[in-house]
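# Chains, contacts and geometry: an overview
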Amino acid sequence: MLQCARRRLSLRVLGRESRAPAALVPQCGRRRAPLARGGVVPGRCVASDRSGAPGAGPLPSARRLRAVRALCSGSPREGAGAESEEPVAAAASRVAGSPAAAASLAAPGQALRSRRRRAWEGALSPLERVSRLLPEALLSEEIRDIRRAEQGETRQGSSESSDSHPLPLPAAGGTPPAQLQRDADDPPVVDTQNTSSKDGTFQAGDLILAEFRRKTYTEFKHMRNLSAVGKLNSNWGAISHLEIIGKLPGQMFRTSSGFQFLIRRPALEDFVVLMKRGPTISYPKDINAMLLLMDINQGDTVVETGSGSGGMSLFLSRAVGPRGRVISYEIRKDHHAVAKKNYRRWRDAWEIGHAEEWPDNVDFINKDILTAAEDMKSITFDAVALDMLNPQIALPVVYPNLKQGGVCAVYLANITQVIDLLEGIRTCNLSLLCERIIEVAHKDWLVLPAKRKDGRLAPRVEPQQIVDEEPQPKEGEELPIQDQAVVGESDDVESLSDYVEPHGSVPYIARPYPWQAGHTAFLIKLRKYKVAYPDTSPDGSC
């Protein structure tokens, strides 16, 4: 009761003196002020404005000043606050006389709001806090760029604020400053073993391949060049080219409809299948088999009859390399233009996405092969590739310039064409040995975990092992020596062929796809030979 009465008396005195305009003093650390001469006052106290001259109307009285000193002092409640009145009064007068303190006291709510805003702006979102904990190797490329940019701005701001560059303090158990300085002075080490020329990001003009897979098969596959204003449109949504430019290949991009597309650079096999066609193309499975039949190496010279859409020319260009040469003849002008355009498109896209250039080693000639005998007199071919309706009429032209032991590979669609080819070789009496006639067939298989009808994975059922019963001797009888040896031998065999536990608990199913690629072509391998003895020449049959 006595304490409450003293508090009401103090509040009455303070209210009598606080009719003049006064500013609030910031809240002290204690909930209540200690007991002083003026009585007990609440945790919040008031003070006058910046002028502290005694006797002025707006200034606090002596009792109010004692109340302020008692409130802001850290003395105990036993009345020891009077011993520290002088230093507290001097500090209060200095703080009240500063302009910055007066401005802060005049608008405490505004200062609090500004501090809260600065704290809100500097705070990190939950996703950013989690990303700070992850190693840089697991982050995406755009997150790495943002983090490097923030670190660069921080370093630039610190260098502008101070002229000196103190060494960073090491963390607990970290690297000492001297070692950090040596590491900063050393040049960065580039890992050339893991660096590849195909790791470049997508750029404008680059060739991309978009794939959309649904369950076990590819439902959408599209190839096109990137541009700054283009879009990749499909029945499953659109993707802007600007979202792809600057990203690494092999990433999943979400369309406007929510589907995920895999964007990557096309391989040569993909380009040949999806490029613009003139005539029917030679499929990559047949082209690769023809390259094996011809045994082409780096630096070889190969002649091709029937450029078509340019697919075979691209594979031959890669096979012979920069030191080799490919001469491609095409009788039709439109096919010749399509082949040159596809070859140029592939080379331009290759130069954008790779460090090395694609070799420019293909000569496209719009001319009939039957009239090109004079052009090929001074050239010796290591191999010949024929892709035309009647290859037997072109064999007498290319045969003289084919090297001894060289291979001529022929691409034919029908078996009747194969018969006409062999008959033409026999009637022309050409020293060409038919070594092989093959048909390349690929079978696609489906291998995936087994599932129940409700969509859940089926459990693995362990096979039941049948254990042979060992012969048990009757009472008073013993096993023969041979039977004992056989029983011991069977035990050793079983110990060597113990059952191996599977890696997983889910069974798999494996079966061919219901749809398969059918027949495409017959490939004939002809080898040029020289008769050493007249009676040892082959008959030319395969």
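A brief report on the enclosed structure follows. Because the structure is predicted, anything quoted here is derived from the model rather than measured.

Calculation criteria
Residues numbered from 1 in each chain as written. Predicted model: local features only at pLDDT ≥ 70, side-chain atom pairs only at ≥ 80, totals over all residues. Heavy atoms only, no water. Helix = DSSP H or I, 4+ residues; strand = E, 2+ residues; numbered from the N terminus. Buried < 20%, exposed > 50% of the residue type's maximum accessible area, 1.4 Å probe, protein only. Contact = heavy atoms within 4.5 Å. Areas by Shrake-Rupley, 256 points an atom, 1.4 Å probe, with all protein chains shown as cover. Patch = residues over 30% accessible without salt bridge, like charges linked within 9 Å, V, L, I, M, F, W, Y side chains within 5 Å. Salt bridge = Lys/Arg side-chain N within 4 Å of Asp/Glu carboxyl O. 1 Å grid on protein atoms, 1.4 Å probe; cavity = no way out; pocket = protein on both sides within 12 Å on 5 of 7 lines; lining within 4 Å. Points joined across faces, edges and corners; volume = space filled by probe spheres on them. Nonpolar A, V, L, I, M, F, W, Y, C, P; charged D, E, K, R; others polar. Pairing = 2+ DSSP bridges. Core = buried A, V, L, I, M, F, W, Y, C linked by side-chain atoms within 4.5 Å. Axes fitted to C-alpha atoms, helices over the stretch in contact; angles between N-to-C directions. Parallel < 35°, antiparallel > 145°, perpendicular 65-115°, else oblique. Left-handed = near helix turned anticlockwise from the far one by under 90°. Expected span 1.5 Å × (residues − 1). Phe/Tyr/Trp six-rings, centres within 6.5 Å; stacked < 30°, edge-to-face > 60°. Lys NZ or Arg CZ within 6 Å of the ring centre and 35° of its normal.

## Considering the overall build of the protein chain
Of the regular secondary structure elements, the protein chain holds 16 helices and 17 strands. Burial status across the protein chain gives 30% buried among its 542 residues. Considering only contacts in the protein chain between residues 6 or more positions apart, those separated by 24 or more positions represent 66%. Carbon and sulfur atoms form 54% of the exposed surface of the protein chain, whose accessible area is close to 35300 Å².

## Overview of a nonpolar patch on the surface
A surface patch of nonpolar side chains, about 200 Å² in accessible area, is lined by Val273, Leu274 and Tyr283. Relative to the helices and strands, valine 273 resides in helix α10 (residues 268-274).

## With respect to empty space enclosed by the protein
If you walk through the whole model with that rule in mind, you get 1 cavity of 30 Å³ or more. Here the largest cavity is characterised by a volume of approximately 50 Å³. Ser282, Met290, Glu304, Thr305, Gly306, Met312, Ala385, Leu386, Asp387 and Tyr411 together form the lining of the largest cavity. Here the residues of the lining of the largest cavity are counted per class, giving 5 nonpolar, 3 polar and 2 charged.

## What to know about the pairing of strand β11 (residues 362-366)
With 5 bridges joining them, strand β10 (residues 325-330) and β11 adopt parallel strand pairing. Within β11, the position partnered with valine 326 by the bridge is valine 362.

## A few points about the nonpolar core
In this structure, Met290, Met294, Ile296, Leu316, Trp346 and Leu523 are the most contacted members of the largest nonpolar core, which totals 40 residues. For this core, the secondary-structure elements that each account for two or more residues are β3 (207-214), α10, α11 (284-294), α12 (311-320), α13 (333-353), β11, β12 (381-386) and β13 (402-412). Once residues within four sequence positions are removed from consideration, isoleucine 296 is found in contact with Leu291, Val302, Leu316, Ala319, Val320 and Ala383. Val303, Val410, Cys434 and Phe522 belong to the second largest nonpolar core, which has 28 residues in total.

## Some details on the pattern of salt bridges
Within the structure shown, the criterion is met by 16 salt bridges. Between arginine 347 and glutamate 351 there is a salt bridge, with the nearest N and O atoms lying 3.5 Å from each other. With arginine 347 and glutamate 351 both in helix α13, this residue pair falls 4 residues apart, about one helical turn. For arginine 347, a relative accessible area of 14% corresponds to the buried category.

## Here's the deal with the packing of α11 against α12
Contact geometry of α11 with α12 gives a least axis separation of 10 Å together with a crossing angle of 40°. One finds that α11 runs oblique with respect to α12. In this structure, α11 meets α12 at a crossing whose hand is right-handed. On the side of α11, the interface is formed by Pro284, Ile287, Asn288, Met290, Leu291 and Met294, while α12 contributes Gly311, Met312, Phe315, Leu316 and Ala319. For the contact of α11 with α12, the residue count by class is 9 nonpolar, 2 polar and no charged.

## Description of the sheet that holds β11
The 7 strands are arranged β11-β10-β9-β12-β13-β17-β14 in an open sheet whose pairing can be described as mixed. Pairing within the sheet leaves two strands with one partner each, and these edge strands are β11 and β14 (432-438). The average angle at which neighbouring strand axes cross in this sheet is 15°, direction not considered. Relative to strand β17 (residues 522-528), β14 runs antiparallel, the two sharing 6 bridges. Looking across to β17, one finds that cysteine 434 is bridged to leucine 526. Strands in contact with α11 are β12, β13, β14 and β17; relative to β13, the strand with the most contacts, it is inclined by about 160°. Contacts from helix α15 (residues 415-428) reach β13, β14 and β17, with the element oriented near 15° to β17.

## Some details on α13
The end-to-end C-alpha distance of α13 is 31 Å, a good match for the 30 Å that 21 residues give at a rise of 1.5 Å each. Among the residues making up α13, those that are buried are His335, His336, Val338, Ala339, Asn342, Tyr343, Trp346, Arg347, Ala349, Trp350 and Gly353. Looking at the buried residues of α13, the elements they touch are β3, α10, α12, β10 and β11.

## Describing the packing of aromatic side chains
Tallied over the full model, the rule gives 11 aromatic pairs. Taken together, a centroid distance of 5.7 Å and an interplanar angle of 55° make the contact between phenylalanine 220 and tryptophan 236 tilted. One end of the pair, phenylalanine 220, is in strand β4 (residues 217-225); the other, tryptophan 236, is in the loop between β5 (231-234) and β6 (237-240), and 16 residues separate them in sequence. The structure contains a cluster of three or more aromatic residues connected by ring pairs, namely Phe212, Phe220, Trp236, Phe259 and Phe261. In this structure, lysine 528 packs its charged tip against the face of tyrosine 399, placed 4.6 Å from the ring centre.

## As for the sheet that holds strand β8 (residues 260-264)
The antiparallel open sheet is built from 4 strands, whose spatial order is β4-β3-β8-β7. Edge positions in the open sheet fall to β4 and β7 (251-254), since each of these has one partner strand only. Ignoring strand direction, the axes of neighbouring strands in this sheet form an average angle of 30°. Looking at chain direction, β3 and β4 are connected through 8 bridges and run antiparallel. Bridge pairing links leucine 207 to asparagine 225 in β4.

## With respect to unusual backbone geometry
With phi around 55°, aspartate 295 is a residue other than glycine that occupies positive phi space. Relative to the helices and strands, aspartate 295 resides in the loop between α11 and β9 (301-305). Exposure remark for aspartate 295: the relative accessible area of 53% places this residue in the exposed category. A positive phi angle is found at asparagine 429, which is not glycine, with a value near 60°. Along the chain, asparagine 429 falls in the loop between α15 and β14.

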